[in-house]
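A look at the structure
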Amino acid sequence: MKQAGKSATQDEILSIFQGGGEMGAMMRAFDWDAHPLGNPALWPDGLKTNIRLLLNSGFPMFIWWSRDLYMFHNDAYLPALGNKHPEALGASARIMWSEIWGDIGVVVENILNGGNPFYAEELHLVLERKGFPEETYWTFSYSPAFGDTGQVAGIFCACTEVTKTVLSQRRLSTLKAISDATSLIQTVEQACQTVSNILSDNPYDIPFNLIYLLNATGTEAILSGKAGNVASEAAPDILPLTGNSPDCPLAIVQKTKQPQIIDHPSSNNETSSIGAGFTLPVKAVILPVFRPGQEHIIGFCISGLSSNLEYDSDYVSFHQLLIGQIATTITSVQAREEILKQEEYLKDIFQQAPVGITILRGPDYLVDLANPGVCEIWGRSQADVLGKPVLEALPEIADQGIKELLDSVYYSGTPYVADELPVVLEREGKLESVYLNFVYQPMYDAYGMVRGVIAVAIDISEQVAARHDIEAMNKELLAINADLDNFVYSASHDLKAPISNIEGLMNALIDYLPAETLQTDIVKKLIELIHASVDRFKRTVTDLAEVAKIQREAGEDIAQVNLADVVDEVILDFESAIAETGARIELNLVQNSVIQFSAKNARSIVYNLISNALKYSSPDRKPNISITSEEVPGYIGLYVTDNGLGVDKTDQNKMFSMFKRLHDHVEGSGIGLYIVKRIVENAGGYIEVKSEVGKGSTFKIFFKH
C-alpha cells in the first residue's frame, strides 16, 4: 500500500473519506495519485457522495466505479471479501471476483450499458475467499451509480450474505424428511436404508454417508445403509473393530467416543485408512452413534464433508442432530421390533396355551384374538369369530348376562372372576350347557385407558359333572354311614341284655355246681376263660356304644372351653398314676387357649392322650410329658409330647384305626385314638402325629377357631 500523494490536501481527503472505520482509514491512507482514478479532489461529486454514504452505513455496501469497476466498500462488507481484503480496495471487480464473473458479469455489463437494476434472493455463488471454492448464498441488488452529468458511471450494491439461513433450511429439511419417513418403518434395515436414501438427496452437505451398526458382541460393525456414490472398497460390508492400530481414527472414536475428522487438503484422489483394510475418500468425519440418553455406542456414521464448506459449528451441529435422529430412529425401530417380537411371542403362547384366551377390543368387544382353546369352548373356528363383535360371533349369549359382565369390567377397570358359571353355547348346531371358570381382565393402553378386555377361560364341565356324581355318591355313603351308626348304636344296646343273661346264667351255673367240682383245675380254668370273654365282650359293646354316641352327638353340647382348665382337671385324675410312675409334667399353654367345643369331648381327647403317654412309657426312663398350645391361622393347636416307647413310621397311620393296638403288653381296646380322631374331625379340626421308636411321640390336635 502506498502513501498518500501530496497533490490532495489532508482536508479534502478527510472530507471524502470521513469516518468509515477500518475502510475509511485505508481509503485516507491510500496513494490515490498512483491509481488510475487519480487524486480524490478531482473525482466526480457522485462518486464522493456514494463513498461518504457507504462508509457511514452499517449495512454491507460497495461501489464499483467506472467501466473498469474499481472497488470501494465499507467495513460491513469485509466478511464477504475474506482473504481478498485488503487487496480488494481500488482493484478491478472483474479481476478480484473472476471466479463468479461468469455468474454476475452479464448483469453488471447490462447495467453499465443502461439496463435495468438487478435484484436477487439467495443467489448461489461459489467464492474463492477462504482458500477453497466456497458455497455461499446472497440476497443483493445491483443499481446504477451515476456520474455528475447523469450518465451511468458504475455499480452500487447493497447486499447481505444468507448462507447460514439457506444451509440451515436445507439441513432442517433433511432432518424433517428423515423424521417423517422413518416414523412407521418396522425394521432396522429399512430404517438405515431409508435414512441413506434421504441423505443421497442432499449431496451438498452429505457427499456420502455410511451407517455401520455394531453386532451383538461389539466386535464388528455391519454396513446397514449407504448414501452417495461410494466405491465398494471404501464401504466394506463388515468393519472389524478389533485388531486396529491404537492411533487409527476408528480406534480413537471407540476410545474417546468423540467424532474424528479425516481431512486431507490435497487432490480428490487421495484416500485415508481409518481402520483395518478400510480406506475412505479425502475428507470425512467418523461420528459415533449412541443409544439415546446413554454413552453406549451402537454404531458409527462415516460421513463425507463438503469440499465447498467449512466444518464450522453449524456443520457440527447438523451432524449432531443427524446422528441423534439416526440413533432415535434406530432405537425406536428396534423397540418396535422388540414389541412385535413380544407380541408374536405372546400370540404363540396364547395359541399354545392349554386354556381359552381371547382379546376383546373396544366397547363393542371385537374379537382381536381367539386361541384354539377358546374356539373349542365356543364351538367356533377362528375364521367364524375374528374381527366380529362377540355378541355377533356368539348370539346365544346375548341374554345370559355376559355383556353386562364385560361392561362392568370395561367401564370400571375392575377384573371379574367367575367360578363354575353355567353358560349355554351352540355347538355343532345344538345348544349345550357348559360350566366355565374365567377371568375378565381390563386391557389398558399406554395412557392408562381401558381399551378392551382379556378373557381367560377353562371349561370345567367334566369336573362339575364328576363332582355332582361324587356328591351323589357321598350322599349315598352318608346315608349308609348313618344306617351303620344306627346299627352300631342299636347293636351296642341290644347286645347288653344277652351279655347280662350269659353272665347271669354263668353265675347261676357256678352256684349250682358242687363245691368239689368248682375246685377242679379244669373247671376253674373254664370259668376264668368264660369270665374273661364276657368282660371283653362287655368292653367291646361299651366301646361300640361310645363310638355311636360320639357320632350321634356330634355338634351338640358346644360351649367355650378353656383347654388349660381341661388339662388341669385331667392331670388331677391321673395324680396317683403320675406319682406312682414318677412322671414329670411340663405345661406351656398360651393364655387364651379358648375353643368352641364340646366340654366332655375336649376332656375325652386330653384324657386319652395323657393316658397313652403314661400307659406306653419306656421302662428305661421316667415319663416326661410336655403339654403346649399355640395359635396358628384358623386353629388352636394342642401338642402332647412324651418320651415313651414310640411307634415305627410305617405304623403311624394305623394307630387311628378302630381296635388297632401296636403294643400288647398293657390292657387296652385299641379304640381310644380312633375316638379322638373322630371327635376332632367331626368338629372341623385335624390331628397329626410324629413318632420315633425308642424316643417317644408327639400328638398335635388342631381345634378349629
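Here's a quick rundown of the structure. (Residues numbered from 1 in each chain as written. Predicted model: local features only at pLDDT ≥ 70, side-chain atom pairs only at ≥ 80, totals over all residues. Heavy atoms only, no water.)

1. Regarding the sheet that holds strand β4 (residues 133–146)
- If you walk across this open sheet you meet the five strands as β2-β1-β5-β4-β3, and the pairing is antiparallel. Edge positions in the sheet fall to β2 (70–73) and β3 (118–128), since each of these pairs with one other strand and no more. Taking the axes of each pair of neighbouring strands and ignoring which way they run, one obtains an average angle of 35 degrees across the sheet.
- Bridging between strand β1 (residues 61–65) and strand β5 (residues 152–161) involves five bridges; their strand directions are antiparallel. Bridging from a neighbouring strand, Ile63 pairs with Phe156 of β5.
- The strands touched by helix α3 (residues 45–55) within the sheet are β1, β2, β4 and β5, with β1 carrying the most contacts at an inclination of about 160 degrees. (Pairing = 2+ DSSP bridges. Helix = DSSP H or I, 4+ residues; strand = E, 2+ residues; numbered from the N terminus. Axes fitted to C-alpha atoms, helices over the stretch in contact; angles between N-to-C directions. Contact = heavy atoms within 4.5 Å.)

2. Re the side chain of Ser66
- Following the sequence through the fold, Ser66 ends up in the loop between β1 and β2.
- A distance of 3.0 Å separates the side chain of Ser66 from the backbone nitrogen of Asp68, its partner in a polar contact.
- Excluding anything up to four places from it in sequence, Ser66 contacts Ala153 and Gly154. (Polar contact = N/O pair within 3.5 Å; in protein donor to acceptor, adjacent residues only side chain to side chain.)

3. So, the packing of helix α19 (residues 563–573) against helix α21 (residues 599–615)
- Packing of α19 against α21 leaves a shortest axis separation of 9 Å and a crossing angle of 50 degrees. Taken together, the axis directions place α19 and α21 in an arrangement best described as oblique. Here the hand of the crossing between α19 and α21 comes out right-handed. Where α19 abuts α21, its residues Val566, Val567, Glu569, Val570, Ile571 and Asp573 lie against Ala602, Arg603, Val606, Tyr607 and Ile610.
- Split by residue class, the contact of α19 with α21 holds eight nonpolar, no polar and three charged. (Parallel < 35°, antiparallel > 145°, perpendicular 65-115°, else oblique. Left-handed = near helix turned anticlockwise from the far one by under 90°. Nonpolar A, V, L, I, M, F, W, Y, C, P; charged D, E, K, R; others polar.)

4. A word on the packing of α21 against helix α22 (residues 672–682)
- Where α21 contacts α22, the two axes come as close as 10 Å, and the packing angle between them is 145 degrees. For the element pair α21 and α22, the recorded crossing hand is left-handed. Of α22, the residues touching α21 (which contributes Asn601, Ser604, Ile605, Asn608, Leu609 and Asn612) are Gly672, Leu673, Ile675, Val676, Ile679 and Val680.
- For the contact of α21 with α22, the per-class residue count stands at seven nonpolar, five polar and no charged.

5. Concerning the pairing of strand β14 (residues 356–361)
- Across the six residues that make up β14, a large majority, five, are buried.
- Bridge analysis of β14 against strand β18 (residues 450–459) gives six bridges, and the strand direction is antiparallel. Note that in β18 the partner of Ile357 across the bridge is Val456.
- Direction of pairing for β14 relative to strand β15 (residues 366–370): antiparallel, over a ladder of four bridges. Residue Leu360 lies in a different strand from β15, and its bridge partner there is Val367.
- In sequence, β14 turns back onto β15 through a hairpin of four residues, with Gly362 there showing a positive phi of about 75 degrees. (Buried < 20%, exposed > 50% of the residue type's maximum accessible area, 1.4 Å probe, protein only.)

6. Observations regarding the pattern of salt bridges
- For the structure shown, the criterion picks out 23 salt bridges.
- Lys84 serves as the salt-bridge partner of Glu99, at 3.3 Å between the closest nitrogen and oxygen. Taken together, the residues Glu99 in the loop between α5 (93–96) and α6 (101–112) and Lys84 in the loop between α4 (78–81) and α5 connect sequence positions 15 residues apart.
- A relative accessible area of 9% means that Lys84 is categorised as buried.
- For Arg380, the salt bridge goes to Glu396, with nearest N and O atoms at 2.9 Å. One end of the pair, Arg380, is in the loop between α11 (372–378) and α12 (382–385); the other, Glu396, is in the loop between α13 (390–393) and α14 (402–412), and 16 residues separate them in sequence.
- Its relative accessible area of 17% is what places Arg380 among the buried residues.
- Given the relative accessible area of 16%, Glu396 is considered buried.
- Because the salt bridges share partners, they merge into one network encompassing Arg129, Lys130, Glu134, Glu161 and Glu310. (Salt bridge = Lys/Arg side-chain N within 4 Å of Asp/Glu carboxyl O.)

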